[in-house]
Amino acid sequence: MVIPVFLPHSGCNERCVYCHQGYITDSGGADIKARIDGALRDRREACEVGLFGGNIFGMEPADLERLFSFFAPYKDVVKGFRLSTKPVPLRDDAIDILKRNGVRMIELGIPTFNDAILAALNRAHTAKDLFRAFDRLLGEGFRLALQFMVGLPGETMVDIEETVENMVRLRPEYIRIYPLVILRNTPLYRLHETGGFTPIAFDEALERAALIYRRALEEGIDVVNVGLTDNELVREMVAGGFYHPAFGSLVQSRIFRDALGSVLGEIEGPKEVTVVLHRNDIPLLVGYRRENLKHFASLGIALRWEPSGAERGRFEVVSGGERVTGRMIQRR
Ligand code: SF4
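Residues numbered from 1 in each chain as written. Predicted model: local features only at pLDDT ≥ 70, side-chain atom pairs only at ≥ 80, totals over all residues. Heavy atoms only, no water.

**Quick look at the packing of aromatic side chains**
Aromatic rings in a pair are described by how distant their centres are and how their planes are angled relative to each other.
Then step 1. Across all of its chains, the model carries eight aromatic pairs by this definition.
Then step 2. Where F256 meets F315, the ring centres are 5.1 Å apart and the plane angle is 40°; that geometry is what we call tilted. On the criterion of sequence distance, the pair formed by F256 in helix 11 (residues 247–264) and F315 in strand 12 (residues 314–319) is long-range, its members being 59 residues apart. Take F256 and F315: they sit in the same class, and that class is buried.
Then step 3. Connected via pairs of aromatic rings, a cluster forms that spans F68, F71 and F81.
Then step 4. For R169, the ring lying beneath its charged end belongs to F131, and the centroid distance is 4.9 Å. (Phe/Tyr/Trp six-rings, centres within 6.5 Å; stacked < 30°, edge-to-face > 60°. Helix = DSSP H or I, 4+ residues; strand = E, 2+ residues; numbered from the N terminus. Buried < 20%, exposed > 50% of the residue type's maximum accessible area, 1.4 Å probe, protein only. Lys NZ or Arg CZ within 6 Å of the ring centre and 35° of its normal.)

Written out as structure tokens, the structure is:
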């Protein structure tokens, strides 16, 4: 089990234009030690701690040592750490501290591999910095994951394809995908308010996230999270972009819709179709607010479904005398 401890903006020497960790982590302003004590005081079973919401590599070594010292009273239950960070600055002393303190997994944030967009986001690093950090940290024995974004200012499908290409080449253990959200009191919000940024359509952002998600699973790379954590503060502060409390489910049902669409393409003029599938996949077939049913209805196809003992992600389409099997994800 991973116990998250949020470190809002710790080590963030520059502020990414879209970020306001105070909203995203809903951390309530308590100091870090109090938050650690609150999360671990009553814990009896072994756990891993996830340090999220800042840039660990940007912390001064003394501050990093101090942070880990707060966990000393809990060494019987805390069996290791994972953390998220920007890929810079890559310092030997910081890497050494992480190794000595039992950090095993590092999630590197790389919203896009397009350097011009990274600069506009005020990330203060390039794609090359990510490649350098990935190689070095892998060589140091860390396990690695990547965090991507979709719907960024100036982003095109070419950028998403580049993200996918690099993901496949680097082969992180897992990824997270965050659709861009415009939060109040951020530089991005001001840019949006003054007409300097118009987000793409929601459906387009969904398509982009679905493309990365599908390719990750096809390549055997886990996707552990899609979308921002839903909390009241986030909802209150959202001024635009692609926030949806069920963004991950929307992405999955889009992938299911596409997979079903390609199977239906193999059938001669389907009008009434029964999809036989695992019962837990029925919501993916139906879609949020029945969107997939409406989509196929607009093509003149009425969908029915029948739960079966099929494995998850696998389905069979029955139409007239024809039966064709399909998969949500085709593993390579
Ligand atoms: S590095 Fe992460 S926490 Fe820091 S400003 Fe950027 S997105 Fe926010």
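Back to the text.
**Let's talk about the sheet that holds strand 12**
Then step 1. Reading across the sheet, the four strands line up as 11-10-12-13 and stay open at both edges, with mixed pairing between neighbours. With one partner strand each, in any of the chains shown, strand 11 (302–308) and strand 13 (322–327) form the two edges of the open sheet. When the angles between neighbouring strand axes are averaged without regard to direction, this sheet yields 25°.
Then step 2. Running at roughly 40° to strand 12, helix 11 makes contact with strand 10 (272–278), strand 11, strand 12 and strand 13 of the sheet. (Pairing = 2+ DSSP bridges. Axes fitted to C-alpha atoms, helices over the stretch in contact; angles between N-to-C directions. Contact = heavy atoms within 4.5 Å.)

**Structural notes on helix 7 (residues 157–170)**
Then step 1. Over its 14 residues, helix 7 runs 20 Å from end to end, which matches the ideal 20 Å to within 8%, given 1.5 Å per residue.
Then step 2. Packed against the buried residues of helix 7 are helix 5 (115–120), helix 6 (127–139), strand 5 (143–150), strand 6 (174–179) and helix 9 (202–218).
Then step 3. Positive phi shows up at R171, right after helix 7, with a value of about 50°. (Expected span 1.5 Å × (residues − 1).)

**Observations regarding the domain arrangement of the protein**
Then step 1. For the protein, the assigned domains are domain 1 (2–245) and domain 2 (265–327).
Then step 2. Between the C-alpha centres of domain 1 and domain 2 there is a distance of 36 Å. (Domains from an automatic or database assignment.)

**A look at the environment of L183**
Then step 1. Checked against the element boundaries, L183 lands in strand 7 (residues 181–183).
Then step 2. Exposure remark for L183: the relative accessible area of 1% places this residue in the buried category.
Then step 3. Residues L183 and V234, spaced 51 residues apart in sequence, show a C-alpha to C-alpha distance of 7.8 Å.

**A closer look at unusual backbone geometry**
Then step 1. Residue P89 is bonded to the preceding V88 through a cis peptide linkage, with omega at -15°.
Then step 2. One non-glycine residue with positive phi stands out, namely H9, at about 65°.
Then step 3. By the element assignment, H9 lies in the loop between strand 1 (2–6) and helix 1 (21–24).
Then step 4. We classify H9 as buried; its relative accessible area is 16%.
Then step 5. A positive phi angle is found at R289, which is not glycine, with a value near 50°.
Then step 6. Tracing the backbone through its elements, the reader meets R289 in the loop between helix 12 (282–286) and helix 13 (291–298).

**Examining the pattern of salt bridges**
Then step 1. As enumerated under the stated definition, the model contains 24 salt bridges in all.
Then step 2. Across the salt bridge formed by D129 and R132, the nearest N and O atoms sit 2.9 Å from each other. Here D129 and its partner R132 are both found in helix 6, three residues apart, which amounts to about one turn of the helix.
Then step 3. The class for R132 is partly exposed, based on a relative accessible area of 47%.
Then step 4. Between R323 and E316 there is a salt bridge, and its shortest N-O distance comes to 3.2 Å.
Then step 5. Sharing partners across several salt bridges, the network here consists of D92, K99, R136 and E140. (Salt bridge = Lys/Arg side-chain N within 4 Å of Asp/Glu carboxyl O.)

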